[in-house]
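Chain residues, written in single-letter form:
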Amino acid sequence: MSNKDVLKGESRDGYVKIDRYNEDKIEAVAAHYKDILGQLGENPAREGLLKTPERVAKALQYLTHGYDLKPDEILKSAMFEEDYSQMVVVKDIEVYSMCEHHMLPFFGKAHIAYIPNGHIVGLSKIPRVVDAFARRLQVQERLTNEIRDCIQNTLSPMGVAVVMECRHLCMSMRGVQKQNSVTTTSAFTGTFLSNDKTRSEFLRLITASLD
Ligand SMILES: Nc1nc2c(ncn2[C@@H]2O[C@H](COP(=O)(O)OP(=O)(O)OP(=O)(O)O)[C@@H](O)[C@H]2O)c(=O)[nH]1
Ligand SMILES: [Zn+2]
């Protein structure tokens with residue numbers, strides 16, 4: 001695999017190393033950004049901006065590298081048969097994504113639970129699935145649903161619960177300029193939908209503190 005293809009490379013488990021870039025894409029995106037700097041009234045030839053188009057192109061490639069990942073493969077790479085049928089909760093997973101309307105960041109936390117049905121999954125794979133969908137242009141609602149559907153369809157558990165709490169920079173540094181608003185979205189399947197007690201238990205666990 002050549003260096004410039006590493007971002008696109010497919011590995012056994014759906015991971016992609018982000019230590020190298022697709023050079024063709026970087027060059028093409030950087031050329032546009034050089035133009036954009038001029039359009040914004042800047043001088044793209046001044047010292048501080050000389051490498052900026054390339055830096056922005058690399059940053060954007062990183063911020064959207066989820067397109068090159070296969071979230072279902074990530075989960076499949078660490079599924080284990082196990083006779084455990086209580087709720088598994090991974091909470092406070094940091095999320096960084098980009099809103100598809102303004103291409104500005106939204107960020108916060110995801111809280112995820114599932115109830116195994118014969119299989120458990122390696123714990124780290126849950127935040128990896130969150131990243132694989134978050135590192136794309138998104139709306140928070142779709143991101144929430146995609147994470148839920150991926151876990152449900154791959155692991156076939158008794159139920160999945162996803163809650164996300166995010167701040168959107170497009171609502172704070174521009175536009176309506178509300179500095180403290182947090183958007184909460186949720187998505188459930190199976191037992192979390194049909195059983196109020198299970199859903200309440202999940203909501204209690206994600207608000208409980210370790211201290
Ligand atoms: N539902 C949803 N809306 C989002 C998300 N991220 C950004 N938005 C909204 O997308 C909407 C786009 O609305 P438009 O009226 O087309 O864009 P705009 O003129 O820039 O809107 P303002 O942000 O109100 O200035 C805005 O209301 C944003 O707040 C998201 O994850 N989910
Ligand atoms: Zn936005």
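A quick note: this is a predicted structure, and the numbers were derived from the prediction, not measured. (Residues numbered from 1 in each chain as written. Chains lettered and ligands numbered in written order. Predicted model: local features only at pLDDT ≥ 70, side-chain atom pairs only at ≥ 80, totals over all residues. Heavy atoms only, no water.)

### With respect to the domain arrangement of the protein chain
Quick note on the threshold: How far each domain reaches was decided by an automatic or database domain assignment. Whether two residues are in contact is decided by their heavy atoms, any of which lying within 4.5 Å being enough. By buried area we mean the combined loss of accessible area, with a 1.4 Å probe, across both parts when two parts are placed together.
The domain boundaries assigned to the protein chain delineate domain 1 (3-67) and domain 2 (79-207). Computed over C-alpha atoms, the centres of domain 1 and domain 2 are 28 Å apart. Contact residues are listed per partner, giving eight residues for domain 1 and eight residues for domain 2. Between domain 1 and domain 2, the buried area comes to about 780 Å², and carbon and sulfur atoms account for 60% of it.

### Considering the site of ligand 1
Rules: One heavy atom suffices: a residue is near a molecule or strand as soon as one of its heavy atoms comes within 4 Å of it. Here a polar contact is recorded for every N or O atom pair within 3.5 Å, except that within protein the pair must consist of a potential hydrogen donor and a potential acceptor, and residues adjacent in sequence are included only if both atoms are side-chain atoms. Working definition of accessibility: Shrake-Rupley area with a 1.4 Å probe, residue cover restricted to the visible protein chains. Secondary structure counts use DSSP, requiring at least four H or I residues in a row for a helix and at least two E residues in a row for a strand, with both numbered from the N terminus. All residues other than Ala, Val, Leu, Ile, Met, Phe, Trp, Tyr, Cys, Pro, Asp, Glu, Lys and Arg, Gly among them, are scored as polar; the first ten of these are nonpolar and the last four charged.
What surrounds ligand 1 is the set C99, H101, H102, V139, Q140, E141, H168, C170, M171, R174 and G175. Q140 places a main-chain nitrogen or oxygen 2.7 Å from an oxygen atom of ligand 1. In isolation ligand 1 has 630 Å² of accessible area, and contact with the protein removes 50% of it. Contributing elements (two or more residues each) for the shell around ligand 1: helix 5 (140-155) and helix 6 (169-172). Along the lines of polarity and charge, the residues of the shell around ligand 1 split into four nonpolar, five polar and two charged.

### Examining the sheet that holds strand 6 (residues 159-168)
Formally: Here the rule is simple: two strands pair whenever DSSP picks up at least two bridges between them.
Reading across from one edge, 5-2-3-6-7 is the order of the five strands in this open sheet, with mixed pairing throughout. For this open sheet the edge positions go to strand 5 (137-138) and strand 7 (183-188), each flanked by a neighbour on one side alone. Sheet topology note: the strand 2 (residues 88-99)/strand 3 (residues 105-115) ladder contains nine bridges and is antiparallel. Across the sheet, residue S97 finds its bridge partner in strand 3, namely F106.

### A few points about the UniProt feature "binding site: Zn(2+)" (unreviewed entry) in the protein chain
Put simply, the rule reads: UniProt positions are given in the numbering used here, feature names are shortened, and annotations may be inferred rather than shown by experiment. The classification of residues rests on relative accessible area computed with a 1.4 Å probe and restricted to protein chains. Under 20% of the type maximum is buried, over 50% is exposed, and intermediate values are partly exposed.
Mapped onto this structure's residue numbering, the UniProt feature "binding site: Zn(2+)" (unreviewed entry) falls at C99, H102 and C170. In sequence the annotated residues extend across 72 residues, while in space they remain close, none of their C-alpha pairs exceeding 7.9 Å. Note on placement: H102 falls in the loop between strand 2 and strand 3. Filtering out sequence-adjacent residues up to four positions away, H102 remains in contact with C170 and R174. The topology assignment puts C170 in helix 6. Overall, the relative accessible area of 10% leaves C170 in the buried class.

### Digging into the coordination of the zinc ion (ligand 2)
How we decide: For Na, K and Ca the donor cut-off is 3.2 Å; for every other metal, N, O and S atoms count as donors within 2.8 Å. Water does not enter the count, which can leave sites looking incomplete.
Protein coordination at the zinc ion (ligand 2) comes from C99 (SG), H102 (ND1) and C170 (SG), with a distance range of 2.0 to 2.3 Å. Along the chain, the residues donating to the zinc ion (ligand 2) fall in the pattern C-x2-H-x67-C. On the criterion of sequence distance, the pair formed by C99 in strand 2 and C170 in helix 6 is long-range, its members being 71 residues apart.

### Describing the nonpolar core
So the rule is basically this: In this text, buried Ala, Val, Leu, Ile, Met, Phe, Trp, Tyr and Cys residues form a nonpolar core when linked through side-chain atoms within 4.5 Å.
Core analysis: the largest hydrophobic core is formed by 29 residues, its most contacted members being I112, Y114, L143, I147, I151 and M164. Those elements that place two or more of their residues in this core are helix 3 (71-76), strand 2, strand 3, helix 4 (125-134), helix 5 and strand 6. With six residues, the top contributor of residues to this core is helix 4. Beyond its immediate sequence surroundings of up to four residues, M164 is in contact with V95, K109, A110, Q140, L143, T144, I147, T183, T184 and T185. Listed in part, the nine residues of the second largest apolar core include A113, F188, F192 and F202.

### As for the side chain of T189
Inspection of the secondary structure assignment puts T189 in the loop between strand 7 and helix 7 (191-194). One polar contact links the side chain of T189 to the main-chain amide nitrogen of V160, over a distance of 2.8 Å. Beyond its immediate stretch of four places on either side in the chain, T189 contacts R148, Q152, G159 and V160.

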